[in-house]
Amino acid sequence: TVRDGLNKLYVVSQHMDSSPEPIISSRSDDGNDTFQSMALTAAAEIDANDSKERKLERERHIQQLVQSEATYCTRLEQFIRFFTEPLSHHLSSQHHYILFGDLNEIYAQNVQFSIVLEQRYKHY
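Criteria and cut-off values
Residues numbered from 1 in each chain as written. Predicted model: local features only at pLDDT ≥ 70, side-chain atom pairs only at ≥ 80, totals over all residues. Heavy atoms only, no water. Helix = DSSP H or I, 4+ residues; strand = E, 2+ residues; numbered from the N terminus. Expected span 1.5 Å × (residues − 1). Buried < 20%, exposed > 50% of the residue type's maximum accessible area, 1.4 Å probe, protein only. Arc of directions from axis to C-beta. Patch = residues over 30% accessible without salt bridge, like charges linked within 9 Å, V, L, I, M, F, W, Y side chains within 5 Å. Areas by Shrake-Rupley, 256 points an atom, 1.4 Å probe, with all protein chains shown as cover. Salt bridge = Lys/Arg side-chain N within 4 Å of Asp/Glu carboxyl O. Lys, Arg positive; Asp, Glu negative; His and termini not counted. Contact = heavy atoms within 4.5 Å. Phe/Tyr/Trp six-rings, centres within 6.5 Å; stacked < 30°, edge-to-face > 60°. pLDDT = per-residue confidence, 0-100.

J.: What is the right way to read helix α4 (residues 103–122) from this model?
T.: Structural remark: α-helix, 3.6 residues per turn; residues separated by three or four positions point the same way. With 20 residues, α4 should cover 28 Å at 1.5 Å per step; its first-to-last C-alpha distance of 28 Å lies within 8% of that length. Listing the buried residues of α4 in full gives Leu103, Asn110, Ser114 and Leu117. Viewed end-on, α4 has its buried residues packed into an arc of 70°, placing them on one side of the element. Looking at α4, the residues exposed on the side facing more than 90 degrees away from the buried face are Asn104 and Arg120.

Structure below.
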């Protein structure tokens, strides 16, 4: 975002203001002015900030995935308990399967997936 870019520019300018290294341009063999040490230091700071931001963003997305899977399993379990099981007493097994399919198997697979997902997130 623009704000992130401005913050990075501020970090670079602060480094330039407080750097003990003299700000002297040196002419390289190809004739271009370079500020090699400053540029490398500033680039390293920007990369470090980017990787921290990206890591935090990735962690938020993973946490959201874990939470949404747990919520899905809870809601699916409630649906089975309050709708499919009570209706199984009033419908033939064929009609019940036509309406709900193999919902118990879907629930079981998602619970297993949710458990593995949460375990891996804890060790991330």
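Having seen the structure, we can now continue with the description.
J.: How should I be thinking about the environment of Arg81 in this particular structure?
T.: Note on placement: Arg81 falls in helix α2 (residues 36–88). Using a relative accessible area of 40% as the deciding quantity, one classes Arg81 as partly exposed.

J.: What am I meant to see in a nonpolar patch on the surface here?
T.: Together, Phe79, Phe82, Phe83 and Leu87 make up an exposed nonpolar region whose accessible area comes to about 380 Å². Here Phe79 lies in helix α2.

J.: Explain the side chain of Glu69 here, please?
T.: Here Glu69 lies in helix α2. No salt bridge is formed by the buried Glu69. Its closest oppositely charged neighbour is Arg75, at 12 Å. With residues near it in sequence (within four places) discarded, Glu69 still touches Asn110, Phe113, Ser114 and Leu117.

J.: I tried to follow the packing of aromatic side chains on my own but got confused; where do I start?
T.: The relation between two aromatic rings is expressed through the spacing of the ring centres and the mutual angle of the planes. Across all of its chains, the model carries 2 aromatic pairs by this definition. Ring plane angle 70° and centroid distance 5.9 Å describe the contact between Phe79 and Phe100, whose orientation is recorded as edge-to-face. Linking Phe79 in helix α2 with Phe100 in helix α3 (residues 93–100), this pair joins segments that are 21 residues apart in sequence. Assessed through its relative accessible area of 15%, Phe100 is described here as buried. Aromatic ring contacts, followed pair by pair, group Phe79, Phe83 and Phe100 into a single cluster.

J.: In this structure, what is going on with the side chain of Asn110? I would like to understand it.
T.: For Asn110, the location among the structural elements is in helix α4. Not counting residues up to four positions away in its chain, the partners in contact with Asn110 are Glu69, Tyr72 and Cys73.

J.: Explanation requested: the confidence of the model for the protein in the structure shown.
T.: Reading fine detail from the predicted coordinates is not recommended where pLDDT is low. Confidence in the prediction of the protein, expressed as mean pLDDT, is 75, and 60% of residues score 70 or more. Ranking the elements of the protein by mean pLDDT puts strand β1 (residues 26–27) last with 42 and α3 first with 95. Segment residues 1–28 is flagged for pLDDT under 50; beyond a separation of four residues in sequence, or across chains, it makes 27 contacts in the model. Here residues 30–36 is modelled with pLDDT under 50, and outside its nearest four sequence neighbours on either side it reaches 12 contacts, counting other chains as well.

J.: Mind showing me how you'd approach the pattern of salt bridges here?
T.: Pairs can form between side chains of opposite charge once their charged atoms are near each other. This structure, assessed with the given rule, holds 2 salt bridges. One salt bridge in this structure joins Glu77 and Arg81, with 2.8 Å as the shortest N-O distance. Here Glu77 pairs with Arg81, and both are found in helix α2, just 4 residues apart, close to one helical turn. Residue Glu118 is joined to Lys122 by a salt bridge in which the shortest nitrogen-to-oxygen separation is 3.8 Å. Of the two residues, Glu118 and Lys122 are both situated in helix α4; the distance of 4 residues between them amounts to about one turn of the helix. Assessed through its relative accessible area of 35%, Glu118 is described here as partly exposed. Residue Lys122 is classed as exposed on the basis of its relative accessible area, which comes to 63%.

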